[in-house]
Amino acid sequence: MTTTLTAALSPYRFFEATVARTRQVGPSTRRVTFVGADLEHFASLGLDQSLSVFLPRPGQSDPVLPREHGDGWWAAFRAIDEDERAVMRSYTLREFRRAPGRPEEIDIDFVLHGDLGPASRWAAQAAPGHRVVVLGPRVADNGAVRFRLPAHADSVVIWADETALPAAESVLAALPPGIAADVWIDVPRIGDRRPLYTAADARIAWLVGEEAPEARRGERALAALRAAPRRGTRPYAWLSGESGAVTSLRRLLVRERNVPKCDVTFVGYWRHGTTEEELRARRAAEARTA
Ligand SMILES: Cc1cc2nc3c(=O)[nH]c(=O)nc-3n(C[C@H](O)[C@H](O)[C@H](O)COP(=O)(O)OP(=O)(O)OC[C@H]3O[C@@H](n4cnc5c(N)ncnc54)[C@H](O)[C@@H]3O)c2cc1C
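Residues numbered from 1 in each chain as written. Predicted model: local features only at pLDDT ≥ 70, side-chain atom pairs only at ≥ 80, totals over all residues. Heavy atoms only, no water.

(A) Structural view of the pairing of strand β7 (residues 131–137). With six of seven residues buried, β7 is to be regarded as a mostly interior element. Bridge analysis of strand β3 (residues 50–55) against β7 gives three bridges, and the strand direction is antiparallel. Paired with Ser52 across the two strands is Leu135, which belongs to β7. (Buried < 20%, exposed > 50% of the residue type's maximum accessible area, 1.4 Å probe, protein only. Helix = DSSP H or I, 4+ residues; strand = E, 2+ residues; numbered from the N terminus. Pairing = 2+ DSSP bridges.)

(B) Spatial organisation of the side chain of Arg231. Locating Arg231 in the fold gives a position in the loop between α4 (217–227) and β11 (235–242). Since its relative accessible area comes to 16%, Arg231 is described here as buried. Engagement of the side chain of Arg231 in a polar contact is seen with the side chain of Asp182, the distance being 3.3 Å. (Polar contact = N/O pair within 3.5 Å; in protein donor to acceptor, adjacent residues only side chain to side chain.)

(C) Focus on the environment of Ile106. Examined against the element boundaries, Ile106 turns out to sit in strand β6 (residues 105–111). Judged by relative accessible area, Ile106 falls into the buried class, the value being 0%. For the pair formed by Ile106 and Val254, sequence separation is 148 residues and the distance between their alpha carbons is 36 Å. Apart from residues no more than four positions distant in its own chain, Ile106 is found in contact with Val32, Thr33, Phe34, Leu39, Phe42, Leu93, Glu95, Phe96 and Val134. (Contact = heavy atoms within 4.5 Å.)

(D) Summary view of the environment of Phe14. Relative to the helices and strands, Phe14 resides in strand β1 (residues 12–24). Separated by 81 residues in the primary sequence, Phe14 and Glu95 have C-alpha atoms spaced 18 Å apart. Those residues in contact with Phe14 that sit more than four places away from it in its chain are Asp38, Phe54, Leu65, Arg67, Trp73, Val133, Val134 and Leu135.

(E) Geometry of the pattern of salt bridges. As enumerated under the stated definition, the model contains 22 salt bridges in all. A salt bridge links Arg97 to Glu95, with the nearest nitrogen and oxygen atoms 3.4 Å apart. For Arg97, a relative accessible area of 24% translates into the label partly exposed. Under the relative-accessibility criterion, Glu95 is labelled partly exposed at 36%. (Salt bridge = Lys/Arg side-chain N within 4 Å of Asp/Glu carboxyl O.)

(F) How the structure looks around the environment of Ala223. As for its placement among the helices and strands, Ala223 is situated in helix α4. Residues Ala223 and Leu249, 26 residues apart in the sequence, show an inter-C-alpha distance of 9.9 Å.

(G) Quick look at the domain arrangement of the chain. Split into domains, the chain comes out as domain 1 (12–137) and domain 2 (155–270). Of the roughly 1,100 Å² buried where domain 1 meets domain 2, counting both sides, 54% is carbon and sulfur surface. Area buried by domain 1 at its contact with domain 2 is led by Pro27, Leu47 and Arg94, which between them contribute 40% of it. On inspection of domain 1 and its partner domain 2, the count reaches five residue pairs in polar contact (both at pLDDT 80 or more). (Domains from an automatic or database assignment. Buried area = accessible area lost by both parts, 1.4 Å probe.)

(H) Local environment of the sheet that holds strand β5 (residues 95–97). Taking strand neighbours across the sheet as the criterion, the seven strands line up as β4-β3-β7-β1-β2-β6-β5 in an open arrangement whose pairing is antiparallel. Edge positions in the sheet fall to β4 (87–92) and β5, since each has one partner strand and no second. When strand polarity is set aside, the average angle formed by the axes of neighbouring strands in this sheet is 35°. (Axes fitted to C-alpha atoms, helices over the stretch in contact; angles between N-to-C directions.)

(I) Spatial organisation of the nonpolar core. Ranked by size, the top nonpolar core spans 24 residues in total, and within it Phe147, Val156, Ile158, Leu175, Ile185 and Trp238 carry the most contacts. Sort the elements by how many residues they give to this core and helix α3 (residues 165–174) lands first, with five residues. In this view, Ile185 contacts Ala160, Leu165, Ala168, Leu196, Ala205, Trp206 and Leu207; residues no more than four positions away in its chain are not counted. Core analysis: the next-biggest nonpolar cluster, separate from the first, contains 23 residues, Phe42, Tyr91, Leu93 and Val132 among them. (Core = buried A, V, L, I, M, F, W, Y, C linked by side-chain atoms within 4.5 Å.)

(J) The arrangement of the site of the ligand in detail. The immediate surroundings of the ligand are formed by 25 residues, with Arg89, Ser90, Val111, His113 and Arg271 found nearest. Thr92 is positioned with one of its side-chain polar atoms (N or O) 2.8 Å from a nitrogen atom of the ligand. In this structure, an oxygen atom belonging to the ligand sits 3.2 Å away from a main-chain N or O atom of Thr274. When contributions to the shell around the ligand are tallied by element, the ones reaching two or more residues are β4, β6, α2 (118–125) and β12 (264–270). At four residues, β4 tops the list of elements feeding residues into the shell around the ligand. (Near = heavy atom within 4 Å.)

(K) Examining α2 more closely. Regarding α2, the residues found buried are Ala119, Ser120, Trp122 and Ala123. With its buried residues spanning 160° around the axis, α2 presents them on a single face. (Arc of directions from axis to C-beta.)

(L) The side chain of Thr265, seen in detail. Secondary-structure assignment places Thr265 in strand β12. Given the relative accessible area of 15%, Thr265 is considered buried. Looking at Thr265, its side chain comes within polar contact range of the side chain of Tyr236, at 2.6 Å. Once residues lying within four places of it in the same chain are set aside, the contact partners of Thr265 are Arg146, Tyr236, Ala237, Trp238 and Leu239.

Set out below in structure tokens:
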């Protein structure tokens, strides 16, 4: 008997992507639209699909990345000198467009949080022709889609800050008609608010940072959730954004509202005073000791 071993197809692959255009979509956010011949292989369910974006370092025109290593790229990437290898950052697919006779496009909304981080800096200066590499889905249903509405859920609770607003927009657009959804979106500036579309029976509240100091974001979110009347008996919660705020909100839902842990999806998108490399290293260390 002959046995054929077929390597499991990774749901992700590298996509070469070039900036086609950019547009400010609020005082805090710049939308960058990318095109690329590879994008014909891109597949997406939408929702909170996250991507890894590889950016060139200052002075480079292309991100340095061991593309030829296939699924073994991570070890080869780590072996490249830190000052030379691409900057790797997590972002959300805001939209993927495929239309007959037109090149495929993807949009990513970058929060401009100042000159502090290489990704924010890159996005502030992004212009047509600039090149990046995106590690993204070639299989639509993949592990980088975290929003998973359980069949038993009769309502949804959503909290997102400005970094998770692109994901929240896609999640809201995909909610089933009529389901109760309580939504809090926390943004820095009044001008960051924008229309959100959903078929759900949604109550959407904007919490605005410039109306209160940044340090109070977590408290603001907790107070808003505590004060809200409950809807439904089996809520599913999706909480994404600044790590400290997400952790406190999860604790509130699990300990005070008795929402089962398995019905709360929570993702720390960033943490005050910590770069993404540091966050990744911390999580890897935690996983090793768990
Ligand atoms: C799954 C996932 C999806 C994400 N999707 C998006 C998205 O669609 N859009 C988006 O803008 N971000 C998104 N993020 C967050 C983004 O990856 C981080 O904000 C990242 O740290 C930005 O990289 P940087 O190089 O600009 O800053 P870093 O070099 O990582 O950090 C430098 C400093 O800036 C601070 N910092 C980082 N982000 C912010 C911020 N937003 N506001 C204030 N200070 C900050 C850090 O605390 C650190 O002190 C996502 C994160 C994850 C995990």
